[in-house]
Amino acid sequence: MRSARIAIATIVLIATLVAGYWPIGPLPPLGKFLHPREGVWAVAATARLPREARDELPTLAGQVRVLYDDRGVPHIFAGSVADAARALGYVVARDRLFQLELQTRATAGTLAELLGPRLLPADRRMRALGLSWSAERDFGELDPASTAAVVVTAYAEGVNAWIDIMGPEDLPLEYRLLNAQPLRWEPAYTYYLIKRMGYTLTYNPHELRRERVSAVLGAEATEALFPLHSPIQEPIIPVQTGGPKDGTTEGEEPVPATVVATFERRKAGMSGGVEPFDRSTFDPFIVVEERGALGSNNWAVAPSRTEAGYALLAGDPHLELTLPSIWYEVHISVPNELDIYGVTIPGVPGVVIGFNRRVAWSFTNTEADVLDFYDETLDDRDQPTAYVVDGTWRPLTRRIEEFRGPRGNVLAIDTVYYTHRGPLQWEGDRPRSLRWTALDEAGSIAALADAAGAESVGDWMAAMAAYRAPPQNMIVADWTGSIAIRSTGRFPVRPGDGRGTVIRDGTRNDSDWLGFLTVDQLPLAVNPPQGFLASANQEPLHPDSNTIYLGANWPSPWRAMRINQLLRSDSAVTPVDMQRFQLDPGSARADRFVPAFLAAAEHSLSQVTGDDELREAAQLLAQWDRQYTRDNERAILFELAMDELVRLTWDELVLPSEDGESRRLSTPGSAVLADLLDQPLSVWWDDGATEDVVEDRDAILGAALKAGLRHAKEEHGSPEDGGWRWAGIRHTNIHHLLRLPSLSALALPIQGGPGTLNPSSGSGVFGASWRMVVELRPDVSAWTIYPGGQSGNPVSPWYRDRIDKWVSGELDPVLFPAQPAALDPDRVAADLTLRPASGGR
């Protein structure tokens, strides 16, 4: 067996080299790389845990027993919360040490020290945003006796204990490839991770995009195409009557002709090299595609609508998919204090999403607007020392950021300036400060720790009231049958109209935030009459029922519409149904647009005979059941037709850029486009390229459908040849952290598509990072899966063992023993005892 594992390691290495893909700098020294004990071969020797092991940890207060089950999940039985955190740090480090370091460096802006100068731009970006600065500040301000300080310190002790204990053969493969040694873990690094999540989930500076769009279209057109509220409403907090709410009615013009006329006059007077496409100032972090193309789901069902009469909860957060996964599955038990199961993020000293014996919970991102930019006036553009507020000069805070390479050489030195609002950013020559809740003290660690022991929905909600950032739609269910959801976090209260859609005047003190919404003001629903709750990143509140500003230009609520449709239609939901819903291939988006395409084709064919191409396209699309199953052969036609519909409808937004290519300034969301379907004669349907013809809705829909058919044939062949099969076109790609193809899982066929509950992107690198279903019985039952495995060692049987099940939508029943003796011995893969060190190290 050992020789087989060594052979596998050799194949992995050779495959990587033969592929010609070594993106991580020069190869390590060959002699060291091939050394029998310290070289690449050793990864096979440590691929499996020993059946029994005894290790000593210097800071443990008492003995901890860790039983690994046959899925690689550690069940940690400790005598105190601090010892449980130490054990968690230890086992996570053993399985995911390189991942711990890489994601820490990503936030700290020190990737270039490990991976080389090509990561310098990413490092500079992170430091300029102030993430590492705020993480260091938050940790430095912790009360040493607080829960947060105790658990993050204990966790760091556990990580470092593994680093101290491990031998040369235990060094992860990635360090061998990089000729590097592990970074020791500091307690503050947990806060780096929280800041990184804040960046991933809330850095959406849409006001910068709106500014660029408004410079061309004018404020009125920008407001119409990128509205404050979604034109289609399926809010998180249920309204009194069921079903989605459309923002406009038949005959109402969502984008008035006067707006278009104003825009056309502005556009006609513009020259070719417009500022929004000046590549020197273009911000690649501004996402111009609809954020709703991807996202997370969660829902809970009350006992009155479940077959067994117990509350059910499901959650599947959608994030970037990597090997190893962002999540690590774990069970932690401390007598009379803690008994919790779920997933942690390596670096977090506890369970983030999961359940205990009484309560289960999950999160989706709120998509809220929690950042603002302020135009600042400086005393000097190149070497500023002060900025002006209400006529008075205030001193800038200055932080010198030094960037080094793998050999310790200095690659660059930056100066980051801070106002009282946050770090200064430059848009061309314009200095702007950033006010962002992700840079505030988060409170997440303490809130999660306090909520872990909750025994009811009320307990859990009370504990999570201290949570601040990043804001999340938190769904929770308990053993009594209660269900609830709240959009929880810090939401700014702004002056004036309260909106965060414009750049603010930094020279005025009255431009600053007035405070934050109180917990009582946050969107909340508890035990609604409909008997279920769901969130899928949609707008939390219907604008007719509440005018509190939480954000703008919300993702189209197609996923929310679909899950609510499924839940409304089933009054006897089972855990199997909940798992099936997570991979449901239906699409509210397709339900809205397919009939429009077919009706337009029918109308056009009744007016003009002989359009065989349109007839063929309509016949093929009509064969589709609007289900994104892997075997269907018509979804690709619809998607290509939708691409063409977007291109033809929003041709007015295409402007030339400095490089001579035409690009769309920005793209309105698909809900805006769907709303436009009710306006068949809207001027937005007219194709500006045809001077003698004024196109209406049906003409553009027909043209888009025909163009989609042409592209489908050009790219995938005849529809009879089998090249249109969805599984052969749309894939998921789970990359290794260093993007090494031989250590990745690529081109995985999936069920789902844009706007479905299992959404997919063209790149295939985002998806359901964790799926969980919990039934709140007296003896709680749960089923889970994530795409990957517990180990970061590519030779381990637990490196990617869950991927096939994840692709097919299968979840594993979890083991949740109350004590070590309750775990079936036949399911125990390894037994680790951690003891206090007798003499220290």
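Here, residues in each chain are numbered from 1, in the same order as that chain's written sequence. Confidence filtering applies because this is a predicted model: local features only for residues at pLDDT of at least 70, side-chain atom pairs given and counted only at 80 or more, and all residues used for totals across whole chains, interfaces and linings. The side-chain values count all of the structure's non-hydrogen atoms but skip hydrogen atoms and water molecules.

**Comments concerning the overall build of the chain**
The helix and strand tally for the chain stands at 23 helices and 36 strands. Burial classification: accessible surface area is computed with a 1.4 Å probe over protein chains only, and a residue below 20% of its type maximum counts as buried, one above 50% as exposed, and the rest as partly exposed. Expressed as a percentage of the 841 residues in the chain, the buried residues total 60%. Expressed as a percentage of contacts within the chain between residues at least 6 apart in sequence, the contacts between residues at least 24 apart total 72%. Calculation of accessible area relied on Shrake-Rupley with a 1.4 Å probe; when residues are assessed, cover is drawn exclusively from the protein chains displayed. Surface accessibility of the chain: about 31,900 Å² in total, with carbon and sulfur atoms responsible for 51%. Helix and strand labels come from DSSP, where a helix needs a run of H or I of at least four residues and a strand needs a run of E of at least two; each type is numbered from the N terminus. Residues are treated as being in contact if the distance between any of their heavy atoms lies within 4.5 Å.

**Considerations on the sheet that holds strand 24 (residues 504-505)**
Note on pairing: DSSP must find at least two bridges between two strands before they are called paired. Reading across the sheet, the 4 strands line up as 19-20-14-24 and stay open at both edges, with mixed pairing between neighbours. The sheet is open, and its two edges are formed by strand 19 (424-427) and strand 24, each paired on a single side. Across 2 bridges, the pairing between strand 14 (residues 371-375) and strand 24 is parallel. Along strand 24, the bridge assignment pairs Tyr374 with Arg504.

**Topic: the packing of helix 8 (residues 147-165) against helix 14 (residues 444-451)**
In a packed pair of helices, the relevant descriptors are the angle between the two axes and the axis-to-axis distance. For helices, the axis comes from a line fit to the C-alpha atoms of the stretch in contact; other axes are also lines fit to C-alpha atoms, and the angle between any two N-to-C directions lies between 0 and 180 degrees. At a minimum axis distance of 8 Å, the contact between helix 8 and helix 14 shows a crossing angle of 95 degrees. Compared by their axis directions, helix 8 and helix 14 come out roughly perpendicular. Residues Thr147, Ala148, Val151 and Val152 of helix 8 pack against Ile445, Ala446, Ala449 and Asp450 of helix 14. For this classification, Asp, Glu, Lys and Arg are treated as charged, while Ala, Val, Leu, Ile, Met, Phe, Trp, Tyr, Cys and Pro are nonpolar and the rest, including Gly, are polar. Residue composition of the contact of helix 8 with helix 14, grouped by class: 6 nonpolar, 1 polar and 1 charged. Here the word oblique covers every angle except those under 35 degrees (roughly parallel), over 145 (roughly antiparallel) and from 65 to 115 (roughly perpendicular).

**What to know about the pairing of strand 19**
Two elements, strand 19 and strand 20 (residues 430-436), share 4 bridges in a ladder whose sense is antiparallel. Of the residues in strand 20, the one forming a bridge with Leu424 is Ser433. What sits between strand 19 and strand 20 in their antiparallel hairpin is a turn of 2 residues, with Gly428 showing a positive phi close to 65 degrees.

**Brief notes about the nonpolar core**
Formed by 174 residues in total, the largest nonpolar core has its most connected members in Val91, Phe355, Trp436 and Trp460. Here this core takes 15 residues from helix 4 (residues 81-108), the largest share from any one element. In contact with Trp436, other than residues within four places in its own chain, are Leu129, Leu131, Gly198, Tyr199, Thr202, Tyr203, Val370, Leu371 and Trp513. In terms of nonpolar packing, the next biggest core, distinct from the first, is built from 55 residues, Ala600, Ala601, Leu640 and Leu709 among them. Take the buried Ala, Val, Leu, Ile, Met, Phe, Trp, Tyr and Cys residues and link them wherever side-chain atoms come within 4.5 Å; each set so joined is a nonpolar core.

**Let's talk about the confidence of the model for the chain**
Detailed reading of predicted coordinates is not advised where the pLDDT is low. On average, the chain scores 89 in pLDDT, and the residues at 70 or more come to 87%. pLDDT gives the predictor's per-residue confidence on a scale running from 0 to 100. Note on residues 1-6: pLDDT under 50 across the span, and 7 contacts to partners over four residues away in sequence or across chains. Long-range and interchain partners of residues 17-23, a stretch whose pLDDT sits below 50, account for 14 contacts in this model, where long-range means more than four residues apart.

**Focus on the pairing of strand 2 (residues 64-69)**
Two faces belong to every sheet, and in a regular strand the side chains alternate between them. In terms of burial, strand 2 is a largely internal element, 5 of the 6 residues being buried. Judged from the 6 bridges that link them, strand 2 and strand 36 (residues 828-836) form a sheet pairing that is antiparallel. Of the residues in strand 36, the one forming a bridge with Leu67 is Asp831. As judged from the 4 bridges shared by strand 2 and strand 3 (residues 74-77), these two strands associate in the antiparallel manner. Paired with Leu67 across the two strands is His75, which belongs to strand 3. Here strand 2 folds back onto strand 3, and the loop between the two strands holds 4 residues, one of which, Gly72, carries a positive phi near 80 degrees.

**Description of helix 6 (residues 120-128)**
Taken residue by residue, helix 6 has Leu120, Asp123, Arg125, Met126 and Arg127 as its buried positions. A positive phi of about 80 degrees marks Gly130, the residue just after helix 6.

**Comments concerning the environment of Asp675**
Along the polypeptide, Asp675 turns up in helix 21 (residues 670-676). Of the residues examined, Asp675 reaches a relative accessible area of 5% and is grouped as buried. Residues Asp675 and Arg592 lie 83 residues apart in sequence; the distance between their C-alpha atoms is 9.9 Å.

**Looking at the sheet that holds strand 31 (residues 745-749)**
Reading across from one edge, 9-30-31 is the order of the 3 strands in this open sheet, with mixed pairing throughout. In the strand order of this sheet, the two ends are held by strand 9 (322-323) and strand 31, each with one partner. Bridge analysis of strand 30 (residues 731-736) against strand 31 gives 3 bridges, and the strand direction is antiparallel. Within the sheet, the bridge partner assigned to Thr732 lies in strand 31 and is Leu748.

**Thoughts on the environment of Asn632**
Along the chain, Asn632 turns up in the loop between helix 19 (612-622) and helix 20 (635-649). Asn632 gets classed as buried once you look at its relative accessible area, which sits at 8%. Separated by 95 residues in the primary sequence, Asn632 and Ala727 have C-alpha atoms spaced 8.1 Å apart. Every residue in contact with Asn632, bar those within four places of it in the chain, is listed here: Trp624, Gln627, Trp724, Arg725 and Trp726. Whenever two N or O atoms come within 3.5 Å, that pair is a polar contact, provided that in protein one can donate a hydrogen and the other can accept it, and provided that, for residues adjacent in sequence, both atoms are side-chain atoms. A distance of 3.5 Å separates a polar atom in the side chain of Asn632 from the backbone oxygen of Gln627. Among the polar contacts made by the side chain of Asn632, one reaches the main-chain amide nitrogen of Ala635 at a distance of 2.8 Å.

**Details of the pattern of salt bridges**
The salt bridge criterion pairs a side-chain nitrogen of Lys or Arg with a carboxyl oxygen of Asp or Glu, the two atoms within 4 Å. Summed over the entire model, instances satisfying the criterion amount to 49 salt bridges. For Asp164, the salt bridge identified is with Arg184, shortest N-O distance 2.8 Å. With Asp164 in helix 8 and Arg184 in the loop between helix 9 (173-178) and helix 10 (189-202), the pair connects residues that are 20 residues apart, well separated along the chain. In this structure, Lys713 and Glu616 form a salt bridge, with 3.0 Å as the shortest nitrogen-oxygen distance. Placement of the pair is Lys713 in helix 22 (residues 697-716) and Glu616 in helix 19, with a sequence separation of 97 residues. Look at Lys713 and you get partly exposed, because its relative accessible area is 34%. By relative accessible area, Glu616 is classed as partly exposed at 26%.

**Quick word on the packing of aromatic side chains**
Each aromatic pair joins two rings of Phe, Tyr and Trp (for Trp, the six-membered one) with centres within 6.5 Å, and gets the label stacked for planes under 30 degrees apart, edge-to-face for over 60, and tilted for any other angle. A complete count under the given rule lists 22 aromatic pairs for this structure. With 6.4 Å between their ring centres and 70 degrees between their planes, Trp558 and Phe593 make a pair best called edge-to-face. Here Trp558, found in helix 16 (residues 558-568), pairs with Phe593, found in helix 18 (residues 588-607); they are 35 residues apart in sequence, far enough to count as distant. Comparing Trp558 with Phe593 shows no difference in burial state: the two are buried.

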